[in-house]
Amino acid sequence: MNAIRISKELKDHFARSRSNKYVVHSIFKEAINLMDDSGELITLLTENKDLAPMSVVIAGRSSSFRNVLANDEVEITTSGMTFVHSQMQLDFSNASVTPCVLMLKGKGLHLEEQITKLNLLRDILCERGETSGILPLLDSVERYKGLGLKTCGLRMNTYCEFIQEVFVEILKCLDRKAFNEVVDWLPKFIGFGPGLTPSTDDFLTGVILTYIASAMMGEDSMEATEDFAQNVYRFSINRTTKVSETMLKQVALGRASENHLKVVQSLFISNNLNFEFLVKRVLANGATSGADFLLGVYCAMVLSKY
């Protein structure tokens, strides 16, 4: 196998920790997760997937992963990695290196421009968003802020009905920027919902990344935002899935998958990116993960801008 792209974060990690031993943690159609002896998770992705922090994208589609064995040992070499028992090799010596960290360079958007994009985000979520996670709670933030918008009409499910009261309490805390109080609600919130990255964790990822962007623009305290993000990650340890825990660890450092970053960037700075395309691309991520992440982005923006 040949890698075509690698995140800067992963390349730096290998440079620091080349001697670490890895095993195959989990295998999926378009992704393989490896874990080292310290619990660090890295991901191999097929070329149709977005580059993420601590990930490498390989040439080809899912057929490339067919011969990988569960629990196989993996050794890191100077040019790639070797799967010991399946006798497969991955060469990333010619892979392009890309940072997967939030960066805001350019002219900031006026409030009117942000609201226009926020309305477009809402329309796409209402029309195309996967509703089997917690996306139907979108109406809750609009009712809480008294926006008077026509309801999206997304049908509530058992996840939403169970978590709605806690969700609204978290909205109230976020609206007051009472981040420590949000953490107090996490025992009843984090790790809840379907998927490898449960819905509430995807939601928190969207919230955190949006607040980091806001702090970068001088609209919020970076110190308070970073403390909040780290507290969410620390609380998640051993309370959610390993994949989700890793996601929250990375977002606390301002890191996320490429198009997730671009959506948030596009809500704060002027660029030539196709915002509608980016939102739809993120929606295609996982079963409910994209929609739940975008719900977090939408809620954080609504709380800040209205």
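Residues numbered from 1 in each chain as written. Predicted model: local features only at pLDDT ≥ 70, side-chain atom pairs only at ≥ 80, totals over all residues. Heavy atoms only, no water.

1. What about the domain arrangement of the protein chain?
- As far as domains go, the protein chain holds domain 1 (3-98) and domain 2 (111-305).
- Using only C-alpha atoms to locate each centre, domain 1 and domain 2 end up separated by 28 Å.
- Buried surface at the junction of domain 1 and domain 2, summed over both partners, amounts to about 1200 Å²; 50% is from carbon and sulfur atoms.
- Three residues, Leu 41, Asp 50 and Pro 53, lead the burial of domain 1 against domain 2; their summed loss comes to 40% of the area buried on that side.
- Put simply, domain 1 and domain 2 have three salt bridges between them.
- Of the charged contacts, one joins Glu 258 and Arg 5 as a salt bridge, the two residues approaching to 2.5 Å between their closest N and O atoms.
- Inspection of the region where domain 1 meets domain 2 yields seven residue pairs in polar contact (both at pLDDT 80 or more).
- Along the lines of polarity and charge, the residues of the side of domain 1 that touches domain 2 split into seven nonpolar, five polar and five charged. (Domains from an automatic or database assignment. Buried area = accessible area lost by both parts, 1.4 Å probe. Salt bridge = Lys/Arg side-chain N within 4 Å of Asp/Glu carboxyl O. Polar contact = N/O pair within 3.5 Å; in protein donor to acceptor, adjacent residues only side chain to side chain. Nonpolar A, V, L, I, M, F, W, Y, C, P; charged D, E, K, R; others polar.)

2. Describing helix H11 (residues 289-305)
- Spanning 17 residues, H11 covers 24 Å between terminal C-alpha atoms, matching the ideal 24 Å at 1.5 Å per step.
- Across the 17 residues of H11, 16 count as buried, placing the element largely inside the fold. (Helix = DSSP H or I, 4+ residues; strand = E, 2+ residues; numbered from the N terminus. Expected span 1.5 Å × (residues − 1). Buried < 20%, exposed > 50% of the residue type's maximum accessible area, 1.4 Å probe, protein only.)

3. Quick word on the packing of helix H3 (residues 138-145) against helix H4 (residues 158-175)
- Running from amino to carboxyl end, H3 crosses H4 at an angle of 50°, the nearest separation of the two axes being 10 Å. Relative to H4, the element H3 lies oblique. The crossing of H3 and H4 is right-handed. In this structure, H3 uses Ser 140, Val 141, Arg 143, Tyr 144 and Lys 145 to contact H4, whose residues at the interface are Gln 164, Phe 167, Val 168, Leu 171, Lys 172 and Asp 175.
- Class assignment of the residues belonging to the contact of H3 with H4 gives a composition of five nonpolar, two polar and four charged. (Axes fitted to C-alpha atoms, helices over the stretch in contact; angles between N-to-C directions. Parallel < 35°, antiparallel > 145°, perpendicular 65-115°, else oblique. Left-handed = near helix turned anticlockwise from the far one by under 90°. Contact = heavy atoms within 4.5 Å.)

4. Details of the pairing of strand E7 (residues 80-83)
- Pairing geometry for strand E6 (residues 73-76) and E7, over three bridges, is antiparallel. Each bridged residue has a counterpart across the sheet, and for Glu 75 the counterpart in E7 is Thr 82.
- Bridge count for E7 against strand E8 (residues 88-91) is four bridges, and the pairing is antiparallel. Note that in E8 the partner of Gly 80 across the bridge is Asp 91.
- Counting the residues between successive antiparallel strands, the hairpin from E7 to E8 contains four residues, one of them, Gln 87, with a positive phi of roughly 60°. (Pairing = 2+ DSSP bridges.)

5. Re the packing of helix H10 (residues 275-283) against H11
- Across the interface, H10 lies against H11 with an axial gap of 7 Å and an inter-helix angle of 125°. Relative to H11, H10 is oriented oblique. Facing H10, whose interface residues are Val 279, Val 282 and Leu 283, H11 presents Gly 290, Ala 291, Phe 293 and Leu 294.
- Taken together, the residues of the contact of H10 with H11 sort by class into six nonpolar, one polar and no charged.

6. What about the sheet that holds strand E3 (residues 31-36)?
- On the basis of which strands lie adjacent, the open sheet formed by nine strands has the order E8-E7-E6-E2-E3-E4-E5-E1-E9 and mixed pairing. Of all the strands in the sheet, just E8 and strand E9 (96-98) have a single pairing partner and so form its edges. In this sheet, neighbouring strand axes are inclined to one another by 25° on average, regardless of whether the strands run parallel or antiparallel.
- Here helix H8 (residues 242-251) sits on the sheet in contact with strand E2 (22-27), E3 and strand E4 (41-46), set at roughly 100° to E4.

7. Observations regarding the environment of Val 84
- Following the sequence through the fold, Val 84 ends up in the loop between E7 and E8.
- Considered as a pair, Val 84 and Lys 29 are 55 residues apart in the sequence and their alpha carbons are 21 Å apart.
- If we skip the residues at most four places from it in the chain, Val 84 touches Asp 72, Glu 73, Val 74 and Glu 75.

8. Some points on the state of the cysteines
- This structure, assessed with the given rule, holds one disulfide.
- Counting only cysteine sulfurs, Cys 299 is the nearest neighbor of Cys 160, a cysteine outside any disulfide, at a range of 11 Å.
- Cys 160 gets classed as buried once you look at its relative accessible area, which sits at 0%.
- Unpaired in terms of disulfides, Cys 173 finds its nearest cysteine sulfur in Cys 299, a separation of 14 Å.
- The exposure class assigned to Cys 173 is buried, which follows from its relative accessible area of 3%. (Disulfide = S-S within 2.5 Å.)

9. A closer look at the pattern of salt bridges
- Inspection of every chain in the model, using the stated rule, returns 14 salt bridges.
- Linking Arg 281 and Asp 50 is a salt bridge whose minimum nitrogen-to-oxygen distance equals 2.9 Å. One end of the pair, Arg 281, is in helix H10; the other, Asp 50, is in the loop between E4 and strand E5 (55-58), with 231 residues separating them in the sequence.
- Measuring nitrogen to oxygen at the nearest pair gives 2.3 Å for the salt bridge that ties Arg 176 to Glu 181.

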